[in-house]
Structure formats: C-alpha cells, structure tokens
Amino acid sequence: MTDAVVAQGLTKYYGSGDRAVRALDGLDLRVEEGTVVGLLGPNGAGKTTTIKVLTTLLVPDAGSAHVLGQDVLAHPAAVRRTIGVSGQYAAVDEYLTGFENLDMVGRLYHLGARAARERARELLEQFDLADAADRQVKGYSGGMRRRLDLAGALVARPPVLFLDEPTTGLDPRSRLGMWGVITDLVRGGTTLLLTTQYLEEADQLADRIAVIDHGKVIAEGTADDLKDRLGGERVEVVVTHDDDLGRAREVLSGVGVGEAVVDARSRRLTVPVTGGAGVLVEVVRRLDDAAIAVSDLALRRPTLDDVFLTLTGHAPAEDDEADADAHDPATSRTEAR
Amino acid sequence: MSTFTRAASDAATVTRRNLIKIRRVPDLLVFTTLQPIMFVLLFAYVFGGAIGTQGTGVDYKEFLIAGIFAQTVVFGSTFTGYSIAEDLQKGFIDRFRTLPMSPSAMLFGRTLSDVFNNVISLVVMGLSGLVVGWRIRGSALDALGGALVLLVFAYAISWVMALVGLLVRTPEVVNNASFIVIFPMTFIANTFVNPETLPGPLRTFAYWNPVSSVTQAARELFGNTNPDFPPPDVWSLQHPVLYSLIWSALVLAVFVPLAVRQYQRTTSR
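A quick note: this is a predicted structure, and the numbers were derived from the prediction, not measured. (Residues numbered from 1 in each chain as written. Chains lettered and ligands numbered in written order. Predicted model: local features only at pLDDT ≥ 70, side-chain atom pairs only at ≥ 80, totals over all residues. Heavy atoms only, no water.)

> Quick one: what's the story with helix α4 (residues 78–89) of chain B, residue by residue and with numbers?
All names here are of chain B. Its 12 residues place the ends of α4 17 Å apart at the C-alpha level, agreeing with the 16 Å of an ideal helix rising 1.5 Å per residue. Burial analysis of α4 places 10 of its 12 residues in the buried class, which makes it a mostly covered element. Inspection of α4 places Thr-78, Phe-79, Thr-80, Gly-81, Ser-83, Ile-84, Ala-85, Glu-86, Asp-87 and Leu-88 among the buried residues, and these make up the whole buried set. Immediately downstream of α4, the backbone of Gly-91 shows phi near 85 degrees, a positive value. (Helix = DSSP H or I, 4+ residues; strand = E, 2+ residues; numbered from the N terminus. Expected span 1.5 Å × (residues − 1). Buried < 20%, exposed > 50% of the residue type's maximum accessible area, 1.4 Å probe, protein only.)

> Can you break down the interface of chain B and chain A residue by residue, with the values?
Facing 25 residues of chain B, the contacting portion of chain A comprises 36 residues. The junction of chain B with chain A conceals about 2,900 Å² of combined surface from both sides, 57% of it contributed by carbon and sulfur atoms. Where chain B packs against chain A, one counts five salt bridges. Residue Asp149(A) pairs with Arg95(B) through a salt bridge whose shortest N-O separation is 3.3 Å. Inspection of the region where chain B meets chain A yields 11 residue pairs in polar contact (both at pLDDT 80 or more). Elements that contribute at least two residues to the side of chain B that touches chain A include exactly α1 (3–24) and α5 (92–97) of chain B. Element by element, the count of residues in the side of chain B that touches chain A is highest for α1(B), at eight residues. Its residues assigned to classes, the side of chain B that touches chain A shows eight nonpolar, six polar and 11 charged. (Contact = heavy atoms within 4.5 Å. Buried area = accessible area lost by both parts, 1.4 Å probe. Salt bridge = Lys/Arg side-chain N within 4 Å of Asp/Glu carboxyl O. Polar contact = N/O pair within 3.5 Å; in protein donor to acceptor, adjacent residues only side chain to side chain. Nonpolar A, V, L, I, M, F, W, Y, C, P; charged D, E, K, R; others polar.)

> Quick rundown of the sheet that holds strand β11 (residues 233–239) of chain A? Include the residues and the values.
Residues and elements named next belong to chain A. What the four strands build is an open sheet, ordered β12-β13-β11-β14; its pairing is antiparallel. Strands at the two margins of the open sheet, each flanked by one partner only, are β12 (261–263) and β14 (294–300). Direction aside, the axes of adjacent strands within the sheet are offset by 15 degrees on average. Here β12 pairs with strand β13 (residues 268–273) via three bridges, running antiparallel. Following the sheet pairing, Val-261 is matched in β13 by Thr-270. (Pairing = 2+ DSSP bridges. Axes fitted to C-alpha atoms, helices over the stretch in contact; angles between N-to-C directions.)

> Hey, could you go over the sheet that holds strand β4 (residues 62–67) of chain A for me, with residue numbers and the actual values?
What the four strands build is an open sheet, ordered β2-β1-β4-β5 (chain A); its pairing is antiparallel. Each having just a single partner strand, β2 (21–32) and β5 (70–71) of chain A make up the two edges of the open sheet.

> Can you lay out the side chain of Arg80(A) for me, pointing to particular residues and giving the numbers?
Within the secondary structure, Arg80(A) sits in helix α2 (residues 76–80). For the buried Arg80(A), no salt bridge exists, and the shortest N-O distance to an oppositely charged side chain is 10 Å, to Asp10(B). A polar contact is formed between the side chain of Arg80(A) and the side chain of Thr56(A), at a distance of 2.9 Å. Non-local contacts of Arg80(A), meaning those with residues more than four positions away in its chain, are made with Thr56(A), Tyr109(A), Arg97(B), Thr98(B), Leu99(B) and Pro100(B). (Lys, Arg positive; Asp, Glu negative; His and termini not counted.)

> Could you give me a rundown of the confidence of the model for chain B, with the residues and numbers involved?
Residue and element names in this part refer to chain B. On average, residues of chain B carry a pLDDT of 91, and 98% of them reach 70 or more. Across chain B, element-level confidence peaks in helix α12 (residues 240–264) with a mean pLDDT of 97 and bottoms out in helix α2 (residues 26–51) with 82. Scoring of the predicted complex yields 0.84 for pTM and 0.88 for ipTM. (pLDDT = per-residue confidence, 0-100.)

> So what's going on with the nonpolar core? Residues and values would help.
The nonpolar side chains of a soluble globular protein tend to be buried with one another. One finds Ile209(A), Phe96(B) and Leu107(B) to be the most contacted residues of the largest nonpolar core, which totals 72 residues. If we ignore the near neighbours within four places in the chain, the residues touching Leu107(B) are Ile84(B), Trp159(B), Ala162(B), Leu166(B), Ala259(B), Val260(B) and Tyr263(B). Of all hydrophobic cores here, the second largest spans 37 residues; its members include Ile65(B), Leu151(B), Ile157(B) and Met185(B). (Core = buried A, V, L, I, M, F, W, Y, C linked by side-chain atoms within 4.5 Å.)

The structure is reproduced here in structure tokens:
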C-alpha cells in the first residue's frame, strides 16, 4: 500500500513577532491509499490548519505535503484535480438551488455542461436531496446543507477526500445520517482524511486515528490501539460526602483496570474498566458494602477528554488555544449557526 | 481547452451564479436603484434652485446628472468588495480555491456581474433624470460612449474594491472603510459644483481627480455642456475621455494582478 497523503514537519504560525500563535508544530501525518484516517483533537489543536495546508489553501512556514505523490506546495493546481474538500461549515450558496450549486461546481471542475448537470442530479439522488433539488438552499436544514456540501466535494469523483468536522453543529439524527453517508462513501475505496472532536466519530468512521494537540500528532493508531491504551469504558461515580472520596477511590481502583482519577471539586471519580455492565453491578455492590453514599453512577465510553487525560495528563486545554481559535473557525462559526 | 478559454468559461460560470443571486434577492436591486433616484431628486430640487448655473452656462439639473451618474457607479463598485468579503466569510472562496478552476475567474466573474448592477443603475438614473428635466442633447452614439466611460471607470474601481474586500474580510467594514474614501473622492470634484469655486488645494485635487474627468466626459458626450463656458484649462478636463481611460487602464494594470495574487493566498479564518 502506498500513502495517498503525506505531511512532514508541517509548521505554521499565525501573526508575527511576539503575538505569533503556533498553529502547527512539526506535524507528521500519513494516510494510506484507500483508508480513512481521523484527525482527533480539541478546538485550536490545528486540525483545520492541517486540512487547509493539505488542500492548497494555506502555505505552511515549514514542512512538506504530498497528495498522491504530487507536491502540494509546488503543484497546487495538479493537487486540486485529485481532491474533494468539504469545510467545517457548509460552503454552499444560499440563493442557488441545490442543483445549481452542484452544477456550478461540476462546471468549475470542467466536466462539461451536460456531464455537470447529470452528475448534479445523480448526487442529489444519492444524498437524499432529490426532492429539494430545485429549492433554494436557504430553506435547507443544517443536515441538508452539510450533505449538499459533501456532495459538492464528490462532484469530480476525487480519489482523495478531506472532510473538516463533517458533523459539527448537527443534531444527533443528522449526525447519524452523515455517518451513514460517509461509511457508504469509503466502502467504494475513497481515501479520506477527516477531522473531528469526537472520539466516537473517529471510532465509527476511521481505520486509524491520529490524536492532535498543540499542532502536533501525540498518538497514532487504530481505534483499538487507542482504546487499549485508554482501557475501554469508564465507570464514573459521584459520591455524596467529601469524606468518602478516599475510600471510594480505593474501591474503584480495585475494580478497574487502572487508577481511579479523582476530581475533588465535583466529588467525581473516574476509573477505566473492562467487562461492561457486569462491572457496574460489582461497583454498586462494593460501594454499598463500604457504606459509601452515591449521588450519581454511570458507565460510559471514553471521550476526547479521557484520551487527553491519558495521553497528556491534562484535559484538552482551552487556555492558550484562545488565540488559535481566532484563526480556527471551529468555535466561532459553530456557535454562530 | 486553452488556458484562456477555460478561464473565460470559469468566469462565466461565476458570473452566472452572481446574476442568479441578483434575481433571487430583488430587494438588493430595489435599494441599489432607489438610492440614485433619491440623489437625483434631492439634488435637483433641494440644491437645484439655490445653486443656479454655477457659471457653467447649463441649468443645474442638466449639470448635475452626469455627476450623480459618476458618483453612483463609483459607489456601486463597493458592492464588489462587499460581496467578496461575504464570500470569504462564508467559506465560499475556500471552496472555489480547492477547485481546479482558473485563479482569476472568481474575481473576473464578480467584477463582471457588478457591471450589470451598474448598467441597471444607469438606466434607472437616466429615466429619473428625464423626469426632472435632463435631456441628452448630443447624438445617441456619443451618449452611449459617455455611459461606456462611466462603466469602464467603475469597473476599474471595482478591482480596487475587490482587493479591499480580500484584505478587510468583513463585509460591513468594507462598506464603512470605502465610504470614507469614496465620499470625498466623489464630492471634491466637478460632480455637484463647479470646481473653480473650491479653495486652492481642493481645487487642484478636483481638477486632477479622475471622478471629475469621468463626469466631464459624460457631460460632454451627453451634450450637457455650453461651448461658451469651457471647462477649466487643465489637461485632465480638456481631454476628459482620454484622461479617464488612462486612469482606468492604470488602475486595472495595478489592481488586477494585486487582487488575483491576494486571492490566491486568502482563506477564511
């Protein structure tokens, strides 16, 4: 297998002088042909900047990038012929109809007028937008816009696809729909690099996951690799009395596969476990034996927060990311919608 | 397809998109046309009586129309910057820039569709001018030439605005920023008053201001001048058509490459 996407030592600063913010800090990344890689990280980690560099939108300060062997920096025009891109928010024209949007993109890919029309109709059908095809996009729901935007990225049947947070801002139902669409897509052999803030999403869609923090990849592997390092599910307990925290910690550490983490302020304890619901029963029994009053108890899957806690020892930082966020449309745009 | 025909076809595709938007959002067109009507009426009836012939030998309403035409098409060009900043903000330029399309097509498509806006404005203003008593006193061909000088100059200015839109990035700021430049530019000129009445430095500015020459060119080609009252003895106003076209060509020569270059490195934030 060859690598469809290769990024080496990507470095990018926004701004200059003392106020420069380092968005990418020597990022290395590979996407094997025909596979899906999920770039997982919090806001401001450098996900969007990475996508922008790889899709010829942004020139990095250092490093190199290749897509299907073509140098992104030296031959951006050649790279554009082989990629499809769907940004963080739907870049579709509100005043055009769904059909007109896709038809326009087809023409700009130089498919020819007739082929552009046919391809547009085909995609609208495929993305369940045929009924809305001739309505203006301003009447579309968020999920429909996203699907149309994704369809726009597929007009020329590109062998390599980049999706930047394809489900951010979508309601749970639309998110599931989007996952279905993407899953069908990659079954056809498309190489895909997608970014996400959700471990569950990366888990669902990606063959391999690269965890990114402060502009570099801090862990890389299959979802199972990462989960092994994370210890699968979590039991989360909130005790009623502060005094019980110490004893509860001992109890939980005895049941879990790792040390229990205590958040004293919220009286919350978290411990990685294996064994699912059976473990939960065991936890309840032992806490009860120890006469520890519990106000909340749950079994949950690891989140991005857990990934970061495990890999970096800190929660996804929001501190110095504030500056980077100004350049990363993720936060502002999603909230604005 | 050669590079050129490909670029032309891309620009046509983008132009078509912009024109569809004008059709779908008629409010936009209504207000772009109401504004010049308002200006024609305001100046004709509020200032018309008070200002008189200004020593130009022409009735003020007749003097005024070419000035309003010039002002309106120059203001119209700010729409280019506004729309580009809007496309940038909405991520539309990102989408265009990842397509294998000609890098200049987006900007050519935008500026060309804005010419259409200005043509509509000119027609509406011409009609309202006729209502308040303005007449074309030269040949129809000359009058068409006058309209052409106005449109070519506005087209050049819209490339300046394109660059502003790409640099400023916020549609509202583009509007406000261009306002403080364009307002004086269209007022310190021969648009509404005889520049000879202006104090020293302003007069010199007005003489060499391309808005003045564009206005003068339109006035002459519409036949709204009186041969007994020639324009000030400066080259720019003695050869207004040539001076206007030289300006337009220079602006295009500088700002087309600058805007295209900026477009290729601009991405949404």
